[in-house]
Amino acid sequence: MRLIELQHITMTYQSGGRLHQSEVRAVRDVTLHIEQGECLALVGESGSGKSTLGRIAVGLEKPTEGRVLFKGHILDARKVDRQDRQALQMVYQNSFEAANPRFTASQVVEEPIRYFRLAPKNEWNQRILELLGRVGIPKDEAEKKTTEFSGGQLQRICIARALAARPELILLDEPLSSLDVSVQAQILNLLRHLKEEFGLTYLLISHDLETVYNIADRLAVMYAGRIVEEIDDIELFDSLRHPYTALLLGKDTDVEQKPAAEDKAVAGESDAAADDETGEIDATADDRTEGCVYANRCPYAEKRCFELVPELTEFEQGHRIACHHCR
Ligand code: ADP
Ligand code: MG
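Residues numbered from 1 in each chain as written. Chains lettered and ligands numbered in written order. Predicted model: local features only at pLDDT ≥ 70, side-chain atom pairs only at ≥ 80, totals over all residues. Heavy atoms only, no water.

(A) The arrangement of unusual backbone geometry in detail. A positive phi angle, close to 50 degrees, is found at His8, a residue other than glycine. Looking at where His8 falls in the secondary structure, it is placed in strand β1 (residues 2–15). Positive phi is not limited to glycine here, since Glu174 has a value of about 50 degrees. Looking at the element boundaries, Glu174 is found in the loop between β7 (169–173) and α7 (181–198). (Helix = DSSP H or I, 4+ residues; strand = E, 2+ residues; numbered from the N terminus.)

Pasting the structure below:
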């Protein structure tokens, strides 16, 4: 069953004052779906629009264009009902910000149980300890303040809070990014086991392709607000070949054509949008309305890449690419 359907989602933010209005096109015409029980990984570098799309998917923000269907009905961010709010939970990168510093671990987990009235009061304590135990927080730590836990432990507590709501989908927005590498592996394992045990559905946002390989069932790569590559089965991971995905993977694409530096010069474009110091791109500094979002950085870009938006089309079964070269 399709749990979530994102249809032609566009999100444009207005920024600046009255005199210097500018538009930030955070998400551009994205169509995606999430099947019940799967983990869809959304991967891309910082600023590519992942969090915006994630917030839209769980009804926290209303898109400028397009619509979100949750279990077949329209999810309107301005009036999400209690049942849907309960079904759509979130775990964020920074659990120190996400958890109230005055709360104990058990109070953090109690919140959704109380708010959504998920158990009679005399059962709360047992339910809280059960959930904390399930994520690896022992009973005798339940009354410790959130500030006394490490980042990894606190992330476990935030996962328990999300579980407490009995969710149907959990948005995991860079849940490992602020953790040490060894802790990352533990949390990833925990998330994988919980998904199996509770039949959960995840939208997992990450900037790291290798990490998501270990948990994702499907994968979409996002760049400057657009999905540039998508696989319906993680088994196709080795076939990923969009020039941007290849860059993320640190591998050469086997795109046939040689780099077309001359064409690029003809198009009169430069690498102006790329920030030399961080290597990060400010996608929004790119004002072209036509053409491939990756053209400015792509070693294969030629004239048509600056002029024509490449459609996300089937490259092989279950594998779609938006690239004029990968055909
Ligand atoms: P990611 O999660 O991939 O790092 P985001 O979705 O956070 O990307 O941001 C995408 C773009 O949208 C960025 O340029 C960001 O500055 C901009 N953006 C995100 N949220 C807002 C907002 N509330 N107002 C204005 N611009 C925003
Ligand atoms: Mg983000």
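(B) Examining the layout of surface pockets more closely. Of the volumes computed, that of the largest pocket is approximately 380 Å³. Along the wall of the largest pocket there are 20 residues; nearest its centre are Asp29, Val30, Thr31, Glu311 and Leu312. When contributions to the lining of the largest pocket are tallied by element, the ones reaching two or more residues are β1, β2 (22–35) and β10 (226–231). It is β2 that provides the largest number of residues to the lining of the largest pocket, a total of six residues. Residue composition of the lining of the largest pocket, grouped by class: eight nonpolar, four polar and eight charged. Gln89, Met90, Glu111, Pro112 and Arg161 are, among the 16 residues lining the second largest pocket, the residues nearest its centre. Secondary-structure elements contributing two or more residues to the lining of the second largest pocket are β6 (88–91), α3 (95–98), α4 (105–115) and α6 (151–164). Of the residues belonging to the lining of the second largest pocket, the class tally is ten nonpolar, three polar and three charged. (1 Å grid on protein atoms, 1.4 Å probe; cavity = no way out; pocket = protein on both sides within 12 Å on 5 of 7 lines; lining within 4 Å. Points joined across faces, edges and corners; volume = space filled by probe spheres on them. Nonpolar A, V, L, I, M, F, W, Y, C, P; charged D, E, K, R; others polar.)

(C) Representation of the packing of α4 against α6. Two elements in contact, α4 and α6, have axes separated by 7 Å at closest approach and are oriented at 20 degrees. The angle between the axes of α4 and α6 places the two elements in the roughly parallel class. The element α4 and its partner α6 pack so that their crossing is right-handed. Contacts between α4 and α6 involve Ala105, Val108, Val109, Glu111, Pro112 and Ile113 on the former and, on the latter, Ile157, Ala160, Arg161 and Ala164. Of the residues belonging to the contact of α4 with α6, the class tally is eight nonpolar, no polar and two charged. (Axes fitted to C-alpha atoms, helices over the stretch in contact; angles between N-to-C directions. Parallel < 35°, antiparallel > 145°, perpendicular 65-115°, else oblique. Left-handed = near helix turned anticlockwise from the far one by under 90°. Contact = heavy atoms within 4.5 Å.)

(D) Representation of the pattern of salt bridges in the model. Going through the model one piece at a time under the given rule, you end up with 20 salt bridges. Across the pair Glu5 and Arg2 runs a salt bridge, and its minimum N-O distance is 3.6 Å. On the basis of relative accessible area, Glu5 is assigned to the partly exposed category, the value being 22%. Judged by relative accessible area, which is 40%, Arg2 ranks as partly exposed. Residues Lys71 and Glu168 are paired through a salt bridge, measuring 2.9 Å at the closest nitrogen-oxygen approach. (Salt bridge = Lys/Arg side-chain N within 4 Å of Asp/Glu carboxyl O. Buried < 20%, exposed > 50% of the residue type's maximum accessible area, 1.4 Å probe, protein only.)

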